[in-house]
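The chain contents come next:
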Amino acid sequence: MLTELRLKSLGVVEDATLPLGPGLTALTGETGAGKTMIVAGLGLLLGARADASLVRKGQDKAVVQGRWEVDDAIAEAVEDLGGDLDDGVELVTLRQISAQGRSRALVGGAQVPVSAVASLLDEIATIHGQSEQTRLSTPERQRELLDTFAAPAALNDYRRDFAEHRHITEELARLETEALSRTREAEVLRFGLDEIAAVNPQKGEDEALAAEAVRLADADDLKALAVSAQVALSGAEEDLDAPSVLGLAGSTRKALDSLAERDPSASELARRLTEVNYLLVDLAQDVASHAADLVADPLRLATVADRRGELATLTRKYGNNVAEVLEWARQATERLAELEGADERIEELRERAAILEEALETAASAITRDRREAAGRLAELAATELKALAMPHARLEFAVTQASPGPHGADRIELVFAANPGSAPGPLGRVASGGELSRVRLALEVVLAGKSAGRTFVFDEVDAGVGGAVGLEIGRRLKRLAAGGQVIVVTHLAQVAAFADQHFVIAKSSDGQVTTSDVTLLDEQERAAELARMMSGSGESDAGLRHAEELLKSAQNG
């Protein structure tokens, strides 16, 4: 339920706050006073399209704010959107429009897409204006009304299964369309994997072979360098007196040993040289061993070259090096498994689709049965309401005919209407006038009121095109509809406004340059004056006031 509506810089409304409560609230005022802005503001709160022309002249933005009492389900949805309830109990929604036409929406303090606001508040509020009358003429809206009344037990399961069946059908079509391309892709992958398996590359093998090839190709030069290093370390066998690193180290060690015997503080120096000497001996042995291993081996060099050639055939196709080739093979193996599993997936999907089709057929039959059983009762109840709305001969029929299966069943729903005896019934949208559409809409809402407990309904001039006696019946039905929730009605008929629990009047004033509308909550005395004005054009005559007071008393007594 909407507990407060605030409009700021919206059209002719400079700043207005409407405290709202349960029951029936009437909004009245002279033509052009700004009643439409109230409805427009409510529409913006519920996600209507923003229009820069709604921003008050001279202002940079318009703001509409609403406070709502909501149930736990709405509170959870607000939390999912990132918002919070005010003081944990009240939801605040806000819509802002800039003079440039930009719009932003906030729910519980969190900025959200306008579509999210519309989806959230659609559960608790509805505006019935000209657009809703137009929508009432559509089969979709007529189906919604019938389903609200009928509440087909199988409808939720049907919708779930239909969505799954549609998803499966789309996936099946894709898999079947791509069958040839999958076969071709699988053949390419198998060829590549077979080629790699035949070569059987090992991780890091290309780098090791490249280093070995360098050693084998330059074996003589490398051996000469190693021997040179060996001679420098150990000396040449043919010249035992030639200087060497080990020989010099030995002489140095003898000197330091003698020094340490005479100067104990040099003992550490002698020890360190001993360690160096051991390292030099090991190094000399290793250099000699390395030199001995450096032997030219043309056969091995040829073998290495052949192996590198095999690896090169892979790196030209599947990667820049062996590591990338092996990674390609891993990914190809996974992809091949997916491709080979597609046929199994197709069979699984076909089996599941067959099961769903059977379930959908059964559920659709049950839904059709429930709709047809409810259609007559709903039409009869609505016709009863229409009689009280000065349409005693009106005939309504919800025609339920077979149609192609869709997300809501396998029925086409059409509301057929005839206003007068002898008139051939026809589709509501084609044969009903604007006033008749308005009353049909109200009649249906009254009948369905029990299905919409706690909901907020906004009616924009539902009494358009009707007279006083019919206005009284419209007022009674709005009052009845408001008994289980909240109804806000913009009306030009005193007979309707008299039934309100709250009555606001919208009045305009002008300073010659800018027109401003003010919204005032009326007390009982002020209400009588406003009703008198609505009936006679003047709220000051004694006769008019007496008539208004009588109307108020009669309306409050039902």
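Each chain has its residues counted from 1, following the order in which its sequence is written. Given that the model is predicted, a residue must reach a pLDDT of at least 70 before its local features are reported, and side-chain atom pairs must reach 80 or more before they are shown or counted; all residues, however, enter totals for whole chains, interfaces and linings. To get the side-chain values, all heavy atoms of the structure are used, and hydrogens and water are removed first.

Asks: What's the story with the nonpolar core in this structure? I'm lost.
Replies: As a rule of thumb, soluble globular proteins bury nonpolar side chains together. Put simply, buried Ala, Val, Leu, Ile, Met, Phe, Trp, Tyr and Cys residues joined by side-chain atoms within 4.5 Å make one nonpolar core. Residue burial is assigned from relative accessible area. The probe radius is 1.4 Å, only protein chains are included, and a residue is buried under 20% of its type maximum, exposed over 50%, and partly exposed in between. Of all hydrophobic cores here, the largest spans 59 residues; its most connected members are Phe 398, Phe 417, Val 440, Leu 444, Phe 459 and Leu 478. In terms of residues, this core owes the most to one element, helix α15 (residues 434–447), which gives seven residues. Any two residues whose heavy atoms approach within 4.5 Å are treated as being in contact. Contact partners of Val 440, with chain neighbours within four places excluded, come to Leu 136, Leu 386, Leu 396, Leu 415, Phe 417 and Leu 428. By size, the runner-up hydrophobic cluster in this structure holds 41 residues, among which are Val 13, Leu 45, Ala 105 and Leu 120. Only DSSP runs of H or I with at least four residues qualify as helices, and only runs of E with at least two residues qualify as strands; both kinds are numbered from the N terminus onward.

Asks: When you look at the sheet that holds strand β9 (residues 395–406) in this model, what are you seeing that I'm missing?
Replies: Here, strands pair whenever DSSP counts at least two bridges between them. Spatial strand order, β9-β10-β11: three strands in an open sheet with antiparallel pairing. Each end of this open sheet is capped by a strand with a single partner; those strands are β9 and β11 (426–427). Sheet topology places strand β10 (residues 409–418) next to β11; two bridges connect them, and they run antiparallel. When the sheet's bridge partners are listed, Phe 417 is paired in β11 with Gly 426.

Asks: For this particular structure, what's the right way to read empty space enclosed by the protein?
Replies: Space left empty within the atom packing is revealed by a probe, the size of a water molecule, rolled over the atoms. Definitions used for this entry: grid spacing 1 Å over protein atoms alone; cavity, a set of points where a 1.4 Å probe fits but cannot get out; pocket, an open set with protein on both sides within 12 Å along at least 5 of 7 lines; lining residue, one with an atom within 4 Å of a point. Grid points are joined across faces, edges and corners, and a volume is the space filled by probe spheres set on the points. Overall, the coordinates contain one cavity of 30 Å³ or more when judged by the stated rule. Put simply, the largest cavity is a space of about 40 Å³. Lining the largest cavity we find Leu 2, Leu 42, Leu 46, Trp 68, Ala 125, Thr 456 and Val 458. When grouped by side-chain class, the residues that make up the lining of the largest cavity number six nonpolar, one polar and no charged. Residues are grouped as follows: Ala, Val, Leu, Ile, Met, Phe, Trp, Tyr, Cys and Pro are nonpolar; Asp, Glu, Lys and Arg are charged; every other residue, Gly included, is polar.

Asks: What is the right way to look at the environment of Leu 193 in this model?
Replies: The topology assignment puts Leu 193 in helix α7 (residues 179–199). Using a relative accessible area of 18% as the deciding quantity, one classes Leu 193 as buried. Ignoring anything within four residues of it in the chain, the contact list for Leu 193 reads Trp 328, Ala 329, Ala 332, Thr 333 and Leu 336.

Asks: Even after reading the chapter, I still don't get the UniProt feature "coiled-coil region" (unreviewed entry) in the protein chain, so can you show me in this structure?
Replies: Taken from the UniProt record, the annotation "coiled-coil region" (unreviewed entry) applies to residues 329–366. The distance separating the terminal C-alpha atoms of residues 329–366 is 54 Å; by composition the span is 100% helix and 0% strand. UniProt positions are given in the numbering used here, feature names are shortened, and annotations may be inferred rather than shown by experiment.

Asks: For this particular structure, what's the right way to read unusual backbone geometry?
Replies: A negative phi angle is the norm for most residues apart from glycine, just as the trans form is the norm for most peptide bonds. Positive phi, close to 60°, is recorded for Ser 9, a residue that is not glycine. Tracing the chain through its elements places Ser 9 in strand β1 (residues 2–10). The phi angle at Ala 151 is positive, at roughly 45°, despite the residue not being glycine. Relative to the helices and strands, Ala 151 resides in the loop between α5 (139–150) and α6 (155–177).

Asks: Quick question: what am I supposed to make of the packing of aromatic side chains here?
Replies: Aromatic ring pairs: the centre-centre distance and the angle between the two ring planes describe each pair. Between rings of Phe, Tyr and Trp, where Trp is taken as its six-membered ring, a pair exists when centres lie within 6.5 Å; planes separated by under 30 degrees are stacked, by over 60 edge-to-face, and by other angles tilted. Counted under the stated rule, the structure contains three aromatic pairs. Taking the centre distance of 6.0 Å and the plane angle of 20° together, the rings of Tyr 158 and Phe 162 count as stacked. Here Tyr 158 and its partner Phe 162 are both found in helix α6, four residues apart, which amounts to about one turn of the helix. Phe 162 matches Tyr 158 in its accessibility class, with the two residues each being buried. Between Phe 457 and Phe 459, the aromatic rings sit 6.3 Å apart at their centres with planes inclined by 25°, giving stacked as the arrangement.

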